[in-house]
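Fold and contact review
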Amino acid sequence: MTSPAPFDIGSLQLPANLPGPLVMEFRAATNDRERAQALISLARHLRDTTMHGAQQIGEAALELALLADAPAEATLALVGLSFVAAHLNQLERSRDAVTRAQELIREHDLRHLQSSLLNVRALTHMLIGDLNGAQQDLQESLELARQQGDPLDTGNALVNLGWLANNRGEPGEALHQLNLLEEHIHNLNDPALRDDLSNYLHENRAHSYALLARQARDRGRPEAVQHAAQQGLMVLRAAHAALKVLPSRTSEVLCYAHESTLHLLSGDLSAAQQAADRAAELHSGLDQQLYIEVNLCLAELAGARGNHAAALDEYHVALSLVRSQHRHRDTQRILGDISALHERAGQYPQALRAAREALADAQDALSRMNVTTQQQAQQDASSWQDRLRLAEAQARQDPLTGLLNRRGLEEGMLSLPAPPAGPVAALFLDIDHFKRVNDRHSHAGGDRALRAVADLLRGELARWPGTLLARYGGEEFVMITPVGTHGQAHALAEGCRRAVASHDWSALLPGTNLTASVGYAVEPRERLSEALSQADEHLYRAKRAGRNRVHPPSD
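Computed from a predicted structure; not experimentally measured.

Conventions adopted
Residues numbered from 1 in each chain as written. Predicted model: local features only at pLDDT ≥ 70, side-chain atom pairs only at ≥ 80, totals over all residues. Heavy atoms only, no water. Phe/Tyr/Trp six-rings, centres within 6.5 Å; stacked < 30°, edge-to-face > 60°. Helix = DSSP H or I, 4+ residues; strand = E, 2+ residues; numbered from the N terminus. Buried < 20%, exposed > 50% of the residue type's maximum accessible area, 1.4 Å probe, protein only. Lys NZ or Arg CZ within 6 Å of the ring centre and 35° of its normal. Core = buried A, V, L, I, M, F, W, Y, C linked by side-chain atoms within 4.5 Å. Contact = heavy atoms within 4.5 Å. 1 Å grid on protein atoms, 1.4 Å probe; cavity = no way out; pocket = protein on both sides within 12 Å on 5 of 7 lines; lining within 4 Å. Points joined across faces, edges and corners; volume = space filled by probe spheres on them. Salt bridge = Lys/Arg side-chain N within 4 Å of Asp/Glu carboxyl O. Expected span 1.5 Å × (residues − 1). Pairing = 2+ DSSP bridges. Axes fitted to C-alpha atoms, helices over the stretch in contact; angles between N-to-C directions. Parallel < 35°, antiparallel > 145°, perpendicular 65-115°, else oblique. Left-handed = near helix turned anticlockwise from the far one by under 90°.

Taken as a whole, this structure holds one aromatic pair when the rule is applied. On the basis of an interplanar angle of 85° and a centroid distance of 5.4 Å, the ring pair of Phe 428 and Tyr 472 is categorised as edge-to-face. On the criterion of sequence distance, the pair formed by Phe 428 in strand β1 (residues 423-431) and Tyr 472 in strand β2 (residues 468-473) is long-range, its members being 44 residues apart. Accessibility expressed as a relative area gives 23% for Tyr 472, which makes it partly exposed. Above the face of the Tyr 472 ring, Arg 406 is positioned so that its terminal group lies 4.0 Å from the ring centre.

Ranked by internal contacts, the top residues of the largest apolar core, which has 36 residues, are Leu 14, Leu 39, Leu 42, Ile 57, Leu 62 and Leu 117. No other element matches helix α3 (residues 51-67), which puts nine residues into this core. Among residues more than four places away in sequence, those in contact with Leu 62 are Ala 74, Ala 77, Leu 78, Leu 81 and Arg 100. Among the nonpolar cores identified, the runner-up in size contains 34 residues, and Leu 429, Leu 461, Trp 464 and Tyr 520 belong to it.

Once that is clear, we can look at empty space enclosed by the protein. Applying the stated criterion to the full structure yields one cavity of 30 Å³ or more. Each pocket or cavity is described by its volume, and for the largest cavity that value is around 90 Å³. In this structure, the largest cavity is lined by Ile 40, Ala 43, Arg 44, Arg 47, Ala 54, Gly 58, Ala 61, Leu 76, Ala 77, Gly 80, Leu 81 and Val 84. Going through the elements one at a time, α2 (32-46), α3 and α4 (71-87) are the ones with two or more residues in the lining of the largest cavity. Broken down by element, the lining of the largest cavity gets its largest block of residues, five residues, from α4.

Here the focus is the pattern of salt bridges. Here the structure, examined in full by the defined rule, presents 27 salt bridges. Between Asp 32 and Arg 35 there is a salt bridge whose closest N-O contact spans 3.0 Å. One end of the pair is Asp 32 and the other is Arg 35, both in helix α2 and three residues apart, which spans about a single turn.

Turning our attention to helix α12 (residues 249-265). For α12, spanning 17 residues, the distance from its first C-alpha to its last is 25 Å, which sits close to the expected 24 Å at 1.5 Å a residue. Among the 17 residues of α12, 15 are classified as buried, and the element is accordingly described as predominantly covered.

Right, let's get into the sheet that holds strand β3 (residues 476-482). As summarised here, the arrangement of the five strands in space is β2-β3-β1-β4-β5, forming an open sheet in which the pairing is mixed. Only two strands of the sheet have a single neighbouring strand rather than two, namely β2 and β5 (550-551). With seven bridges connecting them, β1 and β3 associate as antiparallel partners. Looking at β3, one finds that Leu 429 is bridged to Phe 477. Across the face of the sheet, helix α22 (residues 528-544) comes into contact with β1, β3, β4 (516-524) and β5 while running at roughly 150° to β4.

Packed helices, taken two at a time, are described by their axes: the angle between them and the distance between them. Closest axis-to-axis distance for the α12/helix α13 (residues 269-283) pair is 8 Å, and the angle between their directions is 160°. By the angle class used here, α12 and α13 are roughly antiparallel. As α12 runs across α13, the sense of the crossing is left-handed. Contacts between α12 and α13 involve Arg 249, Glu 252, Val 253, Tyr 256, Ala 257, Glu 259, Ser 260, His 263 and Leu 264 from the former and Leu 269, Ala 271, Ala 272, Ala 275, Ala 276, Arg 278, Ala 279, Leu 282 and His 283 from the latter.

Here it is, written out as structure tokens:
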């Protein structure tokens, strides 16, 4: 990285009312890298109240990171700046930050930051209406985050997948993603991250139920409207409780907007107005240009009260914002609402004019999407090599446990030492009565158990260099390792069995203890396929003999 001119730390003015610990972290920093890290945390905090303030602090963090030749911190600062710029209607600036971050990741092999970058790039895709591009980025981000065991990026990807599904008008899919998010939150050990993600979970769920209620109304199903509205209002009670634990101005604004919509759909105009007024009050102090939910709920409420002019005013405020950002899906949605408002008032020429505007916007979106695709081509092409390497690794890896899959095992067997390097042992381990785990704790509980067993086996095999470890399918694992004697192979098999049986499963699987059966065989390297067949047969003998044992037994 090219070093910039020295940064004048004394010229940086921190906003007032920042959390004391974050300010102390910045003041206590002894070098530019530490100061950049502290400013990144401050900028992240400021996003909830002042995007312009977050942008100023983020740019200072980037300058310090470049000065310190700290590419990871520079990349994180750019990811944050892209997020902020998107919220401030600065899409070119947002895309430029993404491109610079991608270059740093590639140049310095910062693959652990790729998931964060894809998350924020998905936001720019969503804003321009490229929902397929956003979906692709978020799915890739989620896969990377899970492989790397990154709880923050995993949570963010699930949040954004839920948000994306709601924006597609697919609340059922959104609720599915949010259920996965809830399970992820349940397994977190970090209380602060748990509280943060819980706010996103409740707000997006309330949005999903508002969409379900609206869809039921449009289909003439009043009972379904009431059911969805009540579900949404129940979620919002949990949301407001969570916001008392970890306040978030943005989440609070959106929750009150959803509350207004849900009350309106259930026929309670007074409660809808109260929630809408609170949303508008909070929104007036929110420094961002992304969310239009407050304007839309005020417009819909005014229309329901017969205040045609007030409804149009709110719609046009929202319309002006989304048009300035070329958010074509939102533009067409608002024009559709305006057209419907005019129709209900018997103003058919105005309704037709709004419909024609929506059609013209759709045609413009098509032409702009082509231009945008060209603009993104260089940025996307720069990541193809990284994606290819990732795809090759994924083709050999079990996505649930991170172990080798069958293909990876077969390729690994080809790289084992050639004869006469000594015999090799093949071991098959199968979790006993695994179906009961799925039945009692759900398939998600079963997945957690499989990941835990994989970790136990990794730990047990740390003393056996050169071992191949694979998930062979279902609850079955395979190990292949060079050994000196049958006794060594039995010791390894017994160690793996004991690791599973002696583990404390009470936190992960309450009321359930796992055991495993192991079969093994030892053969010369050139007879490895026979060793695998024998080990498989010996596993079934261990099962038939009562499970939770090794076959053959020790001499």
